[in-house]
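As a plain string of letters, each chain reads:
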Amino acid sequence: MTSFQSPSGTKDWLYPESEHMAYLVESFKSHVELANYGLILSPMFEDLGVFVRGVGDVSELVTKEMYEFVDKGGRKLALRPEGTASVMRAFLQHNPPVPFKAWYVAPSFRYERPQAGRYRQHHQVGLEAIGTDDPGLDLEIISILFDWLTSLGLGNLSLKLNCLGDTNCRPAYLELLYSYLEKNQKFLCKEHMERWSVNPLRVLDCKKPECVAIKEDAPKINKHLCPDCKLHFETLLAALDTAEIPYLLDDYLVRGLDYYMRTTFEVASLSLESAQNAVGGGGRYDNLALALGGNNTPGIGFASGLERVLLACEKEGVVFPLDYGPSVFVIDLIGGHKAGELTMTFRRAGVACDRSFDNRSLKSQLRQADKSRAKLALIVGEREKQNNSLQLKWLDANMRERFSAFLADFLDSYVVSESDDLSTMKSYSGKSYSGENKDYTEQYQISNTLPTDMAIRAIKEFFK
Ligand code: HAM
């Protein structure tokens with residue numbers, strides 16, 4: 001026992017619960033590899049300037065939520081609050097061929113008020129595709145997020161979409177919004193009454209009833225898009241229709257990061273509390289490269305919070321096909337090296353195997369084997385040592401059945417290769433043989449004890 005606890009807003013993921021996270025990462029990896037995205041690993045901390053890109057950035061993430069620190073060399077650094085800026089920094093630093101298509105899995109750190117589905121350290125999987133503003137790439141990114149979430153078994157999803165314009169059309173729109181909010185500032189919620197002029201777009205995102213009422217009549221960006229942005233967005237919408245991906249247009253979707261331009265999107269799980277129901281979101285950041293001091297290079301991506309995805313899966317009763325735990329657990333009642341040797345033999349053959357230590361009783365070792373979720377316990381006791389055999393105790397009834405069927409066939413080849421005689425086979429497999437040509441009638445009870453060599457080979461092959 002210790003008086004230390006994990007810091008507020010963080011969570012320890014212990015086995016086997018952590019298997020759910022591992023499953024999500026594995027499924028994400030397989031999914032994005034289908035579209036030729038490669039893994040990028042970048043540092044958990046960056047130069048503060050990677051995230052605080054000049055005085056214009058007034059997002060809450062930058063002004064309120066960053067974990068900033070000065071290292072022993074006096075450098076100003078920040079724990080990464082999100083992955084996009086780090087990936088763009090790495091892209092500009094290394095100049096890989098475009099389109100640069102990368103996926104990541106990484107913790108993100110945000111000093112937010114902890115609550116269900118909102119952590120100070122959460123884990124994101126994400127994609128970034130840098131080097132083209134082709135709307136075909138917007139379709140690729142959005143469809144990967146939507147299809148991955150659907151492939152997990154989630155059904156109660158809503159994809160929201162907006163276009164935020166670009167450096168041509170957004171400034172004029174912002175002026176319109178500014179004057180509208182200026183006229184109506186006294187009706188806004190308390191926070192926005194003070195802050196509306198710092199970041200007018202964020203008022204559109206506010207869920208407080210006062211702001212909701214005011215934003216209804218506010219000018220909408222989609223009515224003020226320039227022809228290029230309009231065409232870009234309409235091309236994307238047509239492509240989403242063709243791909244049969246359902247979406248809702250949402251004039252108020254501005255998202256919490258200042259780098260977004262043109263396409264923005266978010267997928268919400270309607271099974272979660274609305275304040276924390278975004279299971280993924282992203283958009284275009286065609287100006288981010290410039291803001292980081294690089295050449296103008298467009299990009300688009302998304303990130304999805306694994307904790308939220310898991311919550312949504314729990315709410316919807318989605319069960320992952322998890323098969324964790326070792327195949328074999330070696331139980332050793334005679335001490336010595338037998339358990340160690342057997343364990344090593346199986347592991348070297350690629351069969352997951354565990355054992356107990358400390359010379360515990362049979363009962364305690366069996367309990368441990370059970371807890372480990374092993375399918376088969378292999379018992380080595382005094383009698384087995386004398387007979388050079390192993391006792392098999394199947395902890396998974398279904399596996400026992402499958403092994404019986406397997407062993408009957410295995411023994412055919414084993415007997416031939418080991419030039420054993422047919423009567424031995426009969427006693428182990430439960431097959432009844434007649435004649436030299438190995439005609440047999442099927443199955444009675446299969447033996448629980450097998451000669452050591454035969455057992456090892458059969459088990460290796462069975463779990464291969
Ligand atoms: P974001 O919307 O800030 O976007 O975060 C992405 C996802 O991370 C959210 O949809 C949510 O599932 C999860 N998330 C965010 N904050 C928390 C939290 N405090 N606790 C638990 N989960 C959380 C970004 O981070 C952008 N970098 C996405 C992007 C990639 N845009 C372009 N490329």
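See the structure shown above.
Definitions and cut-offs
- Note that residues are indexed from 1 along each chain, following the sequence as it is written.
- Given that the model is predicted, a residue must reach a pLDDT of at least 70 before its local features are reported, and side-chain atom pairs must reach 80 or more before they are shown or counted; all residues, however, enter totals for whole chains, interfaces and linings.
- In this analysis a residue is considered near a molecule or strand if the C-beta atom, reconstructed from its backbone, is found within 6 Å of that molecule or strand.
- Runs of H or I in DSSP of at least four residues are treated as helices and runs of E of at least two as strands, each being numbered from the N terminus.
- Classification used: nonpolar for Ala, Val, Leu, Ile, Met, Phe, Trp, Tyr, Cys and Pro, charged for Asp, Glu, Lys and Arg, polar for all others including Gly.
- Expected helix span is given by 1.5 Å per residue-to-residue step, counting one fewer step than there are residues.
- For the exposure call, what matters is how many other C-beta atoms sit within 10 Å of a residue's own: 20 or more marks it buried, 12 or fewer exposed, and in between partly exposed, using C-beta atoms placed from the backbone.
- Note on geometry: axes are lines fitted to C-alpha atoms, helical ones only across the stretch in contact, with angles between N-to-C directions running from 0 to 180 degrees.
- These descriptions rest on fixed angle ranges, namely under 35 degrees for roughly parallel, over 145 for roughly antiparallel, 65 to 115 for roughly perpendicular, and the rest for oblique.
- Left-handed describes a crossing whose near helix is turned anticlockwise from the far helix through less than a right angle; right-handed describes the clockwise counterpart.
- What counts as a contact here is a pair of residues whose C-beta atoms, placed from the backbone, lie within 7 Å.
- We call two strands paired when DSSP finds no fewer than two bridges between them.

1. Some points on the site of the ligand
Link 1 in the chain: Taken together, 28 residues surround the ligand, and among them Glu82, His122, Gly282, Gly301 and Gly305 come closest.
Link 2 in the chain: In terms of residue count, the dominant contributor to the shell around the ligand is strand S10 (residues 278-284) (six residues).
Link 3 in the chain: Taken together, the residues that form the shell around the ligand break down as seven nonpolar, 14 polar and seven charged.

2. Looking at helix H5 (residues 135-152)
Link 1 in the chain: For H5, which comprises 18 residues, the first-to-last C-alpha distance of 26 Å matches the rise-based estimate of 26 Å (1.5 Å per residue) to within 8%.
Link 2 in the chain: Along H5, 13 of the 18 residues are buried, which leaves the element largely enclosed by surrounding structure.

3. Digging into helix H12 (residues 306-315)
Link 1 in the chain: Taken across its ten residues, H12 has eight buried, putting it largely inside the fold.
Link 2 in the chain: When H12 is considered as a whole, its buried residues turn out to be Leu306, Glu307, Arg308, Val309, Leu310, Leu311, Ala312 and Cys313.
Link 3 in the chain: Of the residues one or two after H12, Gly317 is the one with positive phi, at around 70 degrees.

4. Digging into the packing of helix H1 (residues 18-33) against H5
Link 1 in the chain: Packing of H1 against H5 brings their axes to within 10 Å, and their N-to-C directions diverge by 135 degrees. Relative to H5, the element H1 is oriented oblique. The way H1 lies across H5 gives a crossing that is right-handed. Only Ile144, Trp148, Ser151 and Leu152 of H5 make contact with H1, whose side of the interface consists of Ser27, Phe28, His31 and Val32.

5. Topic: the environment of Glu210
Link 1 in the chain: With respect to the helices and strands, the residue Glu210 is situated in helix H9 (residues 209-215).
Link 2 in the chain: Beyond its immediate sequence surroundings of up to four residues, Glu210 is in contact with Phe187, Leu188 and Cys189.

6. A closer look at unusual backbone geometry
Link 1 in the chain: Here the amide bond leading from Tyr15 into Pro16 is cis, since omega sits at 5 degrees, within 30 degrees of zero.
Link 2 in the chain: For Pro16, the position within the fold is in the segment before H1.
Link 3 in the chain: Each neighbour pair has its own omega, and for Val98 with Pro99 the value is -5 degrees, a cis peptide bond.
Link 4 in the chain: Residue placement: Pro99 occurs in the loop between helix H4 (84-94) and strand S5 (100-109).
Link 5 in the chain: Positioned with a positive phi, Asn36 is a non-glycine residue whose angle comes to about 70 degrees.
Link 6 in the chain: Looking at the element boundaries, Asn36 is found in the loop between H1 and strand S1 (38-39).
Link 7 in the chain: The residue Arg255 is not glycine, and still its phi comes out positive at about 65 degrees.
Link 8 in the chain: Positionally, Arg255 belongs in the loop between strand S8 (248-249) and strand S9 (261-269).

7. What about the pairing of strand S7 (residues 157-163)?
Link 1 in the chain: Where burial is concerned, most of S7 is hidden: five out of the seven residues are buried.
Link 2 in the chain: In the sheet, S7 pairs with S9 via seven bridges, with the strands oriented antiparallel. Residue pairing across strands places Lys160 opposite Glu266, the latter belonging to S9.
Link 3 in the chain: Pairing geometry for S7 and S8, over two bridges, is parallel. What sits directly across from Lys160, in S8, is Leu248.

The values are spatial; any link to function lies outside them.
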